[in-house]
Amino acid sequence: MTTEERLFKLEGIVEGVMATLPERITSLENRMDLLRQELKGDIAGLRQEFKGEMAALRQEFKGEMAALRQEFKGEMAALRQELKAEMAALEGRLGEQMASLRQELKAEMGSLEGRLGEQMASLRQELKGDMASLRQELKADINTALNRLMLYFSALAVLLALLTLWR
């Protein structure tokens, strides 16, 4: 195999790698977009579920309040105190649950971001390693070709010197 053929072969390899790199990066970006969309969908679903539960709780609470007012008009002061205590407890529990949900979501999002960051760093390292390896191979092949060229020129110089001496 001649030096030119090797260089053409190496050029083909380098072009092949360079042609697949954008596809790999695009594929990775698409996967990241899908994960983002999935996470957004999950968060929107949780919000809608929470809103529905809150609306149901409000409706249930309003119904109970109307029934209590009709049945116990004489005991309004005592009921108000009980309802205030129950509402405070509900708010406290809801606040705790909301804080817990927020912490869980933050932790999950942080975990996902960490994993994505690790995957991105790993892919970058792989790409850097592949590029460095290709560069080293190309340098070695170019150096080999230049060394052979220098040998051919040296042999030509020796032949010219011998021809000069034979004249």
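Look up a bit, the structure's there.
Scope of this entry: the structure provided in the associated data block.

The rules behind these values
Every residue gets a number counted from 1 within its own chain, in the order that chain's sequence is written. Local features are withheld for residues below a pLDDT of 70 in this predicted model, meaning they are given only at 70 or higher, and side-chain atom pairs are given and counted only at 80 or more; totals for whole chains, interfaces and linings count all residues. Just so you know, side-chain values use all the structure's heavy atoms and leave hydrogens and water out. Only runs of H or I of at least four residues qualify as helices and only runs of E of at least two qualify as strands under DSSP, and these elements are numbered from the N terminus. When we talk radius of gyration, it's over C-alpha atoms, and the globule rule is simply 2.2 Å times the number of residues to the 0.38. Here the term buried applies to any residue with accessible area under 20% of the maximum for its type, exposed to any over 50%, and partly exposed to those in between, with areas from a 1.4 Å probe on protein chains only. In short, Shrake-Rupley with a 1.4 Å probe defines the accessible areas, and a residue's cover is counted only from the protein chains shown. Only four residue types enter the tally: Lys and Arg on the positive side, Asp and Glu on the negative side, with His and both chain ends excluded. Throughout, a charge is located at the NZ atom of Lys, the CZ atom of Arg, the CG atom of Asp or the CD atom of Glu. In this scheme, patches are assembled from residues that exceed 30% relative accessible area and form no salt bridge. Like charges are connected within 9 Å, while nonpolar side chains (Val, Leu, Ile, Met, Phe, Trp, Tyr) are connected within 5 Å. Salt bridges are identified by distance alone: a Lys or Arg side-chain nitrogen within 4 Å of an Asp or Glu carboxyl oxygen.

Looking at the overall build of the protein
In terms of regular secondary structure, the protein is built from two helices and zero strands. A globule of 167 residues ought to have a C-alpha radius of gyration of about 15 Å, yet the protein, at 38 Å, is considerably larger. Across the 167 residues in the protein, those meeting the buried criterion constitute 7%. Of the roughly 14,100 Å² that the protein leaves accessible, carbon and sulfur atoms contribute 60%. Positive and negative side-chain charges in the protein, numbering 24 and 27 respectively, have mean positions lying 6 Å apart.

A short note on a negative patch on the surface
On the surface, Glu60, Glu64, Glu75, Glu82 and Glu86 cluster together into a negatively charged patch. Put simply, the parts of the chain that give the negative patch at least two residues each are helix H1 (3–71) and helix H2 (76–166). Within the secondary structure layout, Glu75 lies in the loop between H1 and H2.

Re the environment of Gln48
Structurally, Gln48 is set in helix H1. C-alpha of Gln48 to C-alpha of Thr144: the two residues are 96 residues apart in sequence and 67 Å apart in space.

Points about the environment of Glu118
If you trace the backbone, Glu118 turns up in helix H2. You can call Glu118 exposed: its relative accessible area is 58%. The sequence separation of Glu118 and Glu104 amounts to 14 residues, and the corresponding C-alpha distance is 21 Å.

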